[in-house]
Amino acid sequence: MPDEILTLKEVAEYLKLAEKTAYRLAAEGKLPGFKVGGSWRFKQQDVAAWIEVQKNASKE
């Protein structure tokens, strides 16, 4: 399913980050996410696009 929605825990595992770090990045608007009933959610496709942007930024 390409539009899979990930929880904060799942996105932290996917990015191999601590949950606290993923939460901070989302809260600062650096990681694309949205809140549903006070809980962070992330579209897997948005996270994949964010990874590509981060990869390209590190090459500059």
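Higher on the page you've got the structure.
Everything in this summary refers to the structure shown in the same document. Quick caveat: nothing in here was measured; it's all calculated off a predicted structure. (Residues numbered from 1 in each chain as written. Predicted model: local features only at pLDDT ≥ 70, side-chain atom pairs only at ≥ 80, totals over all residues. Heavy atoms only, no water.)

## Focus: the pattern of salt bridges
Put simply, the rule is: By definition, a salt bridge exists where a carboxyl oxygen of Asp or Glu is found within 4 Å of a side-chain nitrogen of Lys or Arg. Three labels apply to residues, based on accessible area from a 1.4 Å probe with only protein chains included: buried if under 20% of the type maximum, exposed if over 50%, partly exposed otherwise in between. Per the convention used, a helix needs a DSSP run of H or I reaching at least four residues, while a strand needs a run of E reaching at least two, with both numbered from the N terminus.
Tallied over the full model, the rule gives three salt bridges. Linking Glu28 and Lys30 is a salt bridge whose minimum nitrogen-to-oxygen distance equals 3.2 Å. Glu28 gets classed as partly exposed once you look at its relative accessible area, which sits at 43%. Judged by relative accessible area, Lys30 falls into the partly exposed class, the value being 48%. With a shortest N-O distance of 3.2 Å, Lys55 and Glu52 are connected by a salt bridge. Residue Lys55 and its partner Glu52 are both found in helix α3 (residues 44–59); the two are separated by three residues, about one turn of the helix. A relative accessible area of 41% places Lys55 in the partly exposed class.

## Looking at helix α1 (residues 8–15)
Defined as follows: By definition, the arc is the one covered by directions from the helix axis to the C-beta atoms. Pairs of residues are marked as contacts when any of their non-hydrogen atoms sit within 4.5 Å.
If you check which residues of α1 are buried, you get Leu8, Val11, Ala12 and Leu15. In an axial view of α1, the angular spread of the buried residues amounts to 105 degrees, which keeps them on one side of the axis. Looking at the buried positions of α1, the neighbouring elements they touch are β1 (5–7), α2 (19–27), β3 (39–43) and α3. Residue Lys16 follows α1 closely and has a positive phi angle near 55 degrees.

## Some remarks on the sheet that holds β3
Note the following rule: The pairing criterion is simple: DSSP has to find at least two bridges between the two strands. Helix axes are fitted only over the stretch in contact, all axes being lines through C-alpha atoms; the angle between N-to-C directions runs from 0 to 180 degrees.
The sheet built from three strands is open, its strands ordered β1-β3-β2 with antiparallel pairing. Each of the sheet's edge strands pairs with one partner strand only, and the pair in question is β1 and β2 (34–36). With strand direction ignored, the average angle separating the axes of adjacent strands in the sheet is 45 degrees. In terms of strand pairing, β1 meets β3 through three bridges, oriented antiparallel. Each residue of the ladder has a partner; that of Leu6, found in β3, is Phe42.

## Focus: the packing of aromatic side chains
What counts, and what does not: Within 6.5 Å between ring centres, the rings of Phe, Tyr and Trp (the latter by its six-membered ring) count as paired, and their orientation is classed by plane angle as stacked under 30 degrees, edge-to-face over 60, tilted in between.
Summed over all chains, the structure comprises one aromatic pair. When the centroid spacing of 6.2 Å and the interplanar angle of 20 degrees are considered together, the rings of Trp40 and Phe42 count as stacked. A single burial state applies to Trp40 and to Phe42, both of which are buried.

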